[in-house]
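# Remarks on the overall topology
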Amino acid sequence: MRLNKYLSKSGIASRRESDNLIQMGTTEVNGLLCLDPAYQVKETDVVSYDGKKIKPEVNKIVLMLHKPPKIITTVKDTHGRKTVLDIIEASSRVVPIGRLDQDTTGLLLLTNDGELTKRLTHPSFGIKKKYLIQLENSIHPDCLKEMVNGINLEDGEVKYDEVKYGRQQTDRTQLIVTLHSGKNRVIRRTMEYFEKTLLHLDRIEFAGIKKNDLQRGQWRFLDAKEIGFLKMTKSR
């Protein structure tokens, strides 16, 4: 098994992120630093990450976190900032499924199941995400229609699956949006497109799993039924 895959199967990070981590000098094989992601790990090899022995996980777990603001969605931060893994207390190494930027709060799933991570992040599956948006000023209904019909950002067109006001129609500063686009910071860039100041962005649903009453900074394991629901996801 390649070393990058070994780290991924051990719940350290995705295979692509593992390439970078290995080249950063985090991994040893039999007590010697290894910088080659393609190194073929033998059954007799002892692999360590950050000084701790690791091995591929057997039991697959998925958990959900209500991410607070100012927390980085990554496995390891080179600037010493607090990451989502500093909040989680799982016995197995887990990695985030997708990302939320530093200032965005809300539902984040983490797992040690590489296949599930791939399924829920690959564009072909078109996983839907739902967000609550709070704006400084009101936004016109025509803007909501335009979001659904499609807007052109610098990296291409984006179409929202659903856009509605979050409260009564008299309050046009709050939106609930659903989209399947995986473009980086797409909602923030959409609000910039309409010249609107975004005060707060919170993800309330991901792939049919809802945050519900999970408090900010809290986390819990998904049960077998919820995990089964995620694994039933089909490509578009």
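A brief structural summary. (Residues numbered from 1 in each chain as written. Predicted model: local features only at pLDDT ≥ 70, side-chain atom pairs only at ≥ 80, totals over all residues. Heavy atoms only, no water.)

### So, the pairing of strand E5 (residues 62–67)
- The element E5 is largely enclosed, with a buried count of six among its six residues.
- Burial along E5 is two-sided: the face carrying Val 62, Met 64 and His 66 and the face carrying Leu 63, Leu 65 and Lys 67 are both buried.
- Examined bridge by bridge, E5 and strand E7 (residues 105–111) share six bridges and lie antiparallel to one another. When the bridges of E7 are listed, Lys 67 appears paired with Gly 106. (Buried < 20%, exposed > 50% of the residue type's maximum accessible area, 1.4 Å probe, protein only. Helix = DSSP H or I, 4+ residues; strand = E, 2+ residues; numbered from the N terminus. Pairing = 2+ DSSP bridges.)

### Considerations on the environment of Lys 55
- Relative to the helices and strands, Lys 55 is located in the loop between strand E4 (52–53) and E5.
- The exposed category is assigned to Lys 55, whose relative accessible area is 63%.
- The spatial distance from the C-alpha of Lys 55 to the C-alpha of Ile 12 is 9.9 Å, given a sequence separation of 43 residues.

### Notes on unusual backbone geometry
- In this structure, Asp 50 is a non-glycine residue whose phi angle is positive, near 50°.
- Along the chain, the position of Asp 50 falls in the loop between strand E3 (47–49) and E4.
- Judged by its relative accessible area of 43%, Asp 50 is partly exposed.

### Examining helix H4 (residues 141–149)
- Within the span of H4, buried status applies to Cys 143, Leu 144 and Met 147. One side of H4 holds all its buried residues, which, seen down the axis, span an arc of 105°. Among the exposed residues of H4, those oriented more than 90 degrees off its buried face are Lys 145 and Asn 149.
- For H4, the elements touching its buried residues are strand E9 (151–153), strand E10 (156–158), strand E11 (162–165), strand E12 (174–179) and helix H5 (186–193).
- Downstream of H4 by one or two residues, Gly 150 has phi in the positive range, about 125°. (Arc of directions from axis to C-beta. Contact = heavy atoms within 4.5 Å.)

### Section: the packing of aromatic side chains
- This model, assessed by the stated rule, comprises two aromatic pairs.
- Seen in terms of ring centroids, Tyr 193 and Phe 194 are 4.9 Å apart; in terms of plane orientation they differ by 90°. Their pairing is edge-to-face.
- A relative accessible area of 37% means that Tyr 193 is categorised as partly exposed.
- What makes Phe 194 buried here is its relative accessible area of 12%.
- Here Trp 219 and Phe 221 contribute two aromatic rings whose centre-to-centre distance is 5.2 Å and whose plane-to-plane angle is 80°, an arrangement assigned as edge-to-face. (Phe/Tyr/Trp six-rings, centres within 6.5 Å; stacked < 30°, edge-to-face > 60°.)

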